[in-house]
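Listed here are the chains, written in short residue letters.
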Amino acid sequence: VQLQASGGGLVQAGGSLSLSCAASGRTVGRQTTAWFRQAPGKEREFVAARFRGSHTYYADSVKGRFTISGDNAKNMVYLLMSSLRPEDTAVYYCAADSSIILSSIWFSRSYGYWGQGTLVTVSS
């Protein structure tokens, strides 16, 4: 699976931004897909996941503000981000894998396929 993330940019605090992840090579609709982010000087952290194309899970820091979704027909994964905060500034990565068990969705090492990342900058 090849993943291509896009949609990052500069946004003011309180604003919204939508990230897209285009998949090719294999369909990701029934795979587990996720978004991670990495801020400067910090480790990559879990943001949201869509487990086997169905149930969604979120980091506490984004719950209620971010929404992960997918379009199986277009083989796309999205992350809609609202009420953005300066601490959301990071490079955002999409990831996918077909072999993840539920208890492992939180860990970047569980995912075998990654997009290249897209930078989100939230100004205060």
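Preceding block: the structure.
The notes below deal with the structure included here. Per chain, residues are indexed from 1 in the order of the written sequence. Residues qualify for local features only when their pLDDT is at least 70, as the model is predicted, and side-chain atom pairs are given and counted only at 80 or more; totals for whole chains, interfaces and linings, by contrast, use all residues. To obtain the side-chain values, all non-hydrogen atoms of the structure were included, while hydrogens and water were left out.

## Re the overall build of the protein
Secondary structure elements are taken from DSSP: a helix is a run of H or I of four residues or more, a strand is a run of E of two residues or more, and numbering for both begins at the N terminus. What the protein contains, in helices and strands, is zero helices and 11 strands. The globule rule puts the C-alpha radius of gyration for 124 residues at 14 Å, and the 13 Å found for the protein is close to it. Based on the C-alpha atoms only, the size of the protein along its principal axes is roughly 40 × 30 × 25 Å. Residues are treated as being in contact if the distance between any of their heavy atoms lies within 4.5 Å. A sequence separation of at least 24 residues applies to 57% of the contacts in the protein between residues at least 6 apart. Per-residue and other accessible areas follow the Shrake-Rupley method at a 1.4 Å probe size, with only the shown protein chains counted as cover for residues. Looking at the protein as shown, the accessible area adds up to about 6,300 Å², and 49% of this sits on carbon and sulfur atoms. Looking at charge distribution, the protein has the averaged site of its 12 positive side-chain charges lying 6 Å from that of its 7 negative ones. Here the radius of gyration uses the C-alpha set of atoms, whereas the globule reference equals 2.2 Å times the residue count to the power 0.38. The charge count includes Lys and Arg as positive and Asp and Glu as negative, but it does not include His or the ends of the chains. Think of each charge as sitting on NZ of Lys, CZ of Arg, CG of Asp or CD of Glu.

## Examining the environment of Val120
Examined against the element boundaries, Val120 turns out to sit in strand β11 (residues 118-123). Here Val120 falls in the buried class, since its relative accessible area comes to 0%. The spatial distance from the C-alpha of Val120 to the C-alpha of Asp88 is 7.6 Å, given a sequence separation of 32 residues. In this structure, Val120 is in contact with Gly8, Gly9, Leu17, Leu19, Met81, Asp88, Thr89, Ala90 and Tyr92, ignoring residues within four places of it in sequence. A 1.4 Å probe rolled over the protein chains alone gives each residue an accessible area, and that area as a share of the maximum for its type sets the label: buried under 20%, exposed over 50%, partly exposed in between.

## Considering the state of the cysteines
Only a pair of cysteine sulfur atoms within 2.5 Å counts as a disulfide in this structure description. On inspection of all chains with the given rule, the structure shows one disulfide. In this model Cys21 forms its disulfide with Cys94; the gap between the sulfur atoms is 2.1 Å. In this structure the cystine formed by Cys21 and Cys94 twists about its S-S bond by roughly 65 degrees; its chirality is therefore right-handed. Of this pair, Cys21 sits in strand β3 (residues 17-24) while Cys94 sits in strand β9 (residues 90-97), placing them 73 residues apart in sequence. The pair formed by Cys21 and Cys94 is uniform in burial state, with each residue classed as buried.

## Things to note about the side chain of Asn75
Locating Asn75 in the fold gives a position in the loop between β7 (66-71) and β8 (76-81). Of the polar contacts made by the side chain of Asn75, one reaches the backbone nitrogen of Val28; its length is 2.9 Å. Nitrogen and oxygen atoms within 3.5 Å of one another constitute a polar contact, given that in protein one can donate a hydrogen and the other can accept it, and given that sequence-neighbouring residues count only through two side-chain atoms.

## Description of the pattern of salt bridges
Just to be clear on terms, a salt bridge is a Lys or Arg side-chain nitrogen sitting within 4 Å of an Asp or Glu carboxyl oxygen. A complete count under the given rule lists four salt bridges for this structure. As a salt-bridge pair, Asp60 and Lys63 come within 3.2 Å of each other at their nearest N and O atoms. Side by side, Asp60 and Lys63 carry an identical accessibility label, which is exposed. Residues Arg65 and Asp88 are paired through a salt bridge, measuring 2.8 Å at the closest nitrogen-oxygen approach. Residue Arg65 is located in the loop between β6 (55-58) and β7, and its partner Asp88 is located in the loop between β8 and β9; the two are separated by 23 residues in the primary sequence. Each member of the pair, Arg65 together with Asp88, is buried.

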